[in-house]
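Structural characterization, general
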Amino acid sequence: VVGPDVPIAASFDLHGNEDEAFLEHADFAFTTKRYPHYDAALQGERAAKALHLTMSGDYTPTTATRRPGIITATVLQWTGTSPSMDIMERARRWEARQADAFVSVFYGYPWSDEPDVGATIHVITNGDQELADRIADDMNEFFWRVREEFAVGSYPLPDEAARMVQRAIAEDAVPVAVGDHSDRPGDATHILRAFEAADVNRVLYGAITSPQTLDALREQGAAPGDAFDMEIGGFTPSGGSPFRIQGTLTFFDAAMGYEAVAVVEFGEGNVVILAPTYTQVTDPNRFRFGPIDLSDFDVFVVKSRVHFRRGFDETGFARTIIVVEAPGPFVGTTFLDALPYE
């Protein structure tokens, strides 16, 4: 629409599936270099500055793209550990050495069965094709060199995670933050089931998607203080099966941005929050509503891959972090070899 003489820049998060066609029509691509995406505003600012330089005639966007041929589960893309950290740091080093170079790395989104799935490297320089190609080749070679460490990872299944949590509690390495990384609908009961079987107590499960339970409570005219005996969650194939909770309803009202959530106390100091849809809690302060007191819990189970590290890990809130795998090759897990890519 705008033609070849109008510069175009775009900013992305690093999970995009890209190819060289984008830079055949646009001039700049900027991705976040951190996951969680602390630097989203920074990349938008860089895009604006790049546009201004080009509009002023001070920059001639010259691009190179490489496709390393690597697909990885998003939970493994956390930039707080190597080699993901090293890949992004290498991009930053090139940008620091070459003032006119921009280096963007897409890790890709593996649950999209389309030709561009996987990693992509975009390099933009100021009229220097040789430099763009040299940087792109170096980034591509380094990415390929660390591919196995980066793309092949594993996490404990719920039963093993329960034992890990018990050890952390015994060693007073609490609070423990547990990331149920693969659960995209939010209804999975695998961890709840395993922790109950292992008698793991003082756990806050926040939250489990269970709209059918909320509807039933509403129809009953339920109120705080009522006895609770219902099955929750487990309504999708990846969610396992519904799990029966017997306890006390302590809150049933608007919270967490929803018209109604339920808080149920059960067992020895356990609480489960029931939400109408997938709820990713990235900051423990989001749990500060109704009767919930964070100091009452040793363990916080959240539906999150990496984003929860922002409030639970990188702030120092949780002394132990455990990411848990689901018992099956569902969308969201690290079992990418089970997916029928075409």
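The text that follows walks through the structure, step by step, so that each part is easy to find. Counting of residues starts from 1 at the beginning of each chain's written sequence and follows it residue by residue. At least 70 in pLDDT is required for a residue's local features to be given in this predicted model, at least 80 for side-chain atom pairs to be given and counted, and no such filter applies to totals for whole chains, interfaces and linings, which use all residues. The basis for the side-chain values is all heavy atoms of the structure; hydrogens and waters are excluded.

What to know about the sheet that holds strand β7 (residues 203-209)
- Paired strands, as defined in this entry, are two strands with at least two bridges between them according to DSSP. Only runs of H or I of at least four residues qualify as helices and only runs of E of at least two qualify as strands under DSSP, and these elements are numbered from the N terminus. Taking strand neighbours across the sheet as the criterion, the eight strands line up as β8-β9-β10-β11-β7-β12-β6-β13 in an open arrangement whose pairing is mixed. Looking at which strands have only one partner, the edges of the open sheet turn out to be β8 (227-232) and β13 (320-324). Sheet twist, expressed as the average angle between the axes of neighbouring strands with direction ignored, equals 30°.
- One ladder, built from six bridges, connects β8 with strand β9 (residues 243-255); its direction is antiparallel. Paired with M230 across the bridge in β9 is I245.
- In the packing of helix α6 (residues 158-170) onto the sheet, the strands contacted are β6 (176-180), β12 (299-302) and β13, and the crossing angle to β13 comes to about 175°.
- What makes two residues a contact is simply this: any of their non-hydrogen atoms within 4.5 Å. Only C-alpha atoms enter the line fits that serve as axes; for helices the fit covers just the stretch in contact. Angles between N-to-C directions range over 0 to 180 degrees. Lying on the sheet, helix α8 (residues 211-220) is in contact with β7, β8, β9, β10 (258-266) and β11 (270-275); it crosses β8 at an angle near 145°.

A word on the sheet that holds strand β4 (residues 102-106)
- Strand order across the open sheet formed by three strands is β3-β5-β4, with antiparallel pairing between neighbours. Two strands close off the open sheet at either side, each with one partner strand: β3 (61-66) and β4. Each adjacent strand pair in this sheet contributes to an overall mean axis angle of 15°, direction not counted.
- Sheet topology places β3 next to strand β5 (residues 120-126); six bridges connect them, and they run antiparallel. Of the residues in β5, the one forming a bridge with P61 is N126.

Structural notes on the environment of P291
- Note on placement: P291 falls in the loop between β11 and β12.
- The buried label applies to any residue whose accessible area, calculated with a 1.4 Å probe on protein chains only, is under 20% of its type's maximum; exposed applies above 50%, and partly exposed to all values in between. Among the residues examined, P291 registers a relative accessible area of 38% and is labelled partly exposed.
- Between the alpha carbons of P291 and V263 there is a distance of 8.4 Å; along the sequence they are 28 residues apart.
- Not counting the four nearest positions on each side in its chain, P291 is found in contact with T250, F251 and V263.

Some thoughts on the nonpolar core
- Note on terminology: a nonpolar core comprises buried Ala, Val, Leu, Ile, Met, Phe, Trp, Tyr and Cys residues joined through side-chain atoms within 4.5 Å. Judged by nonpolar contacts, the single largest core of 36 residues is most densely connected at V178, F195, L274 and V299.
- Core analysis: the next-biggest nonpolar cluster, separate from the first, contains 29 residues, V75, V281, F287 and V323 among them.

Some remarks on the side chain of D138
- The residue D138 is located in helix α4 (residues 129-145) in this model.
- Here a polar contact means two N or O atoms within 3.5 Å. Within protein one must be a hydrogen donor candidate and the other an acceptor candidate, and residues neighboring in sequence count only if both atoms are side-chain atoms. Engagement of the side chain of D138 in a polar contact is seen with the side chain of R90, the distance being 2.8 Å.

Considering the packing of α6 against helix α7 (residues 190-197)
- Between α6 and α7, the shortest axis-to-axis distance is 8 Å and the interhelical angle comes to 50°. In terms of axis orientation, α6 runs oblique to α7. Between α6 and α7 lies a crossing whose hand is right-handed. Judged by residue contacts, P158, D159, A161, A162 and V165 of α6 engage H190, I191, A194 and F195 from α7.
- Of the residues that constitute the contact of α6 with α7, the class distribution is seven nonpolar, one polar and one charged. Should an angle fall under 35 degrees it is taken as roughly parallel, and over 145 as roughly antiparallel, whereas 65 to 115 is taken as roughly perpendicular and any remaining angle as oblique. Note on convention: the crossing is left-handed when the near helix lies turned anticlockwise from the far helix by less than a right angle, right-handed when the turn is clockwise. Amino acid classes used here: Ala, Val, Leu, Ile, Met, Phe, Trp, Tyr, Cys and Pro are nonpolar; Asp, Glu, Lys and Arg are charged; the rest, including Gly, are polar.

Side note on the packing of aromatic side chains
- Note on ring pairs: Phe, Tyr and Trp rings are taken, using the six-membered ring of Trp, and paired if centres are within 6.5 Å. Classes follow the plane angle, with under 30 degrees stacked, over 60 edge-to-face and the rest tilted. Taken as a whole and judged by the stated rule, the model has 19 aromatic pairs.
- Considering the side-chain rings of F28 and F30, the 6.0 Å spacing of their centres and the 20° angle between planes classify their relative orientation as stacked.
- For F28, a relative accessible area of 0% translates into the label buried.
- Ring centres of F300 and F312 lie 6.2 Å apart, and the angle between their planes is 50°; on these two criteria the pair is classed as tilted. Residue F300 is found in strand β12, and its partner F312 is found in helix α9 (residues 309-312); the two are separated by 12 residues along the sequence.
- On the basis of relative accessibility, which here comes to 0%, the residue F312 falls in the buried class.

Brief notes about α8
- Turning to α8, its buried residues number three or more, namely T213, L214 and L217. The buried residues of α8 occupy an angular sector of 100° when projected down its axis, which confines them to one face.
- Where the residues of α8 are buried, they touch β8, β9, β10 and β11.
- In the stretch just after α8, G221 is the one whose phi turns positive, near 70°. The reported arc concerns the directions from the helix axis to the C-beta atoms and nothing else.

A short note on the environment of P340
- Mapped onto the fold, P340 is located in the segment after β13.
- Looking at P340, the relative accessible area reads 64%, which means it is exposed.
- On a C-alpha basis, the gap between P340 and A50 in space is 40 Å, while along the polypeptide they are 290 residues apart.

Brief notes about a nonpolar patch on the surface
- Together, V1, V2, V6 and I8 make up an exposed nonpolar region whose accessible area comes to about 410 Å².
- By secondary structure assignment, the location of I8 is in the segment before β1 (9-12). Residues enter patches when their relative accessible area tops 30% and they take part in no salt bridge; the joining distance is 9 Å for like charges and 5 Å for the nonpolar side chains Val, Leu, Ile, Met, Phe, Trp and Tyr. Computed with a 1.4 Å probe, the accessible areas rest on the Shrake-Rupley method; for each residue, only the protein chains presented here act as cover. Whenever a carboxyl oxygen of Asp or Glu lies within 4 Å of a side-chain nitrogen of Lys or Arg, that contact is scored as a salt bridge.

Here's the deal with the pattern of salt bridges
- Taken as a whole and assessed by the stated rule, the structure comprises 17 salt bridges.
- Of the charged contacts, one joins D138 and R90 as a salt bridge, the two residues approaching to 2.8 Å between their closest N and O atoms. Within this pair, whereas D138 is found in helix α4, its partner R90 is found in helix α3 (residues 84-97), the two being separated by 48 residues in sequence.
- The shortest N-O distance in the salt bridge between D183 and K303 comes to 2.8 Å. Note that D183 is positioned in the loop between β6 and α7 and K303 in the loop between β12 and α9, a separation of 120 residues in sequence.
- When its relative accessible area of 3% is taken as the criterion, D183 is described as buried.
- A residue is classified by how much of its surface remains accessible, and K303, at 4% relative accessible area, is buried.
- The network of salt bridges with shared partners includes K33, R46 and E95.

By themselves these figures say nothing about function.
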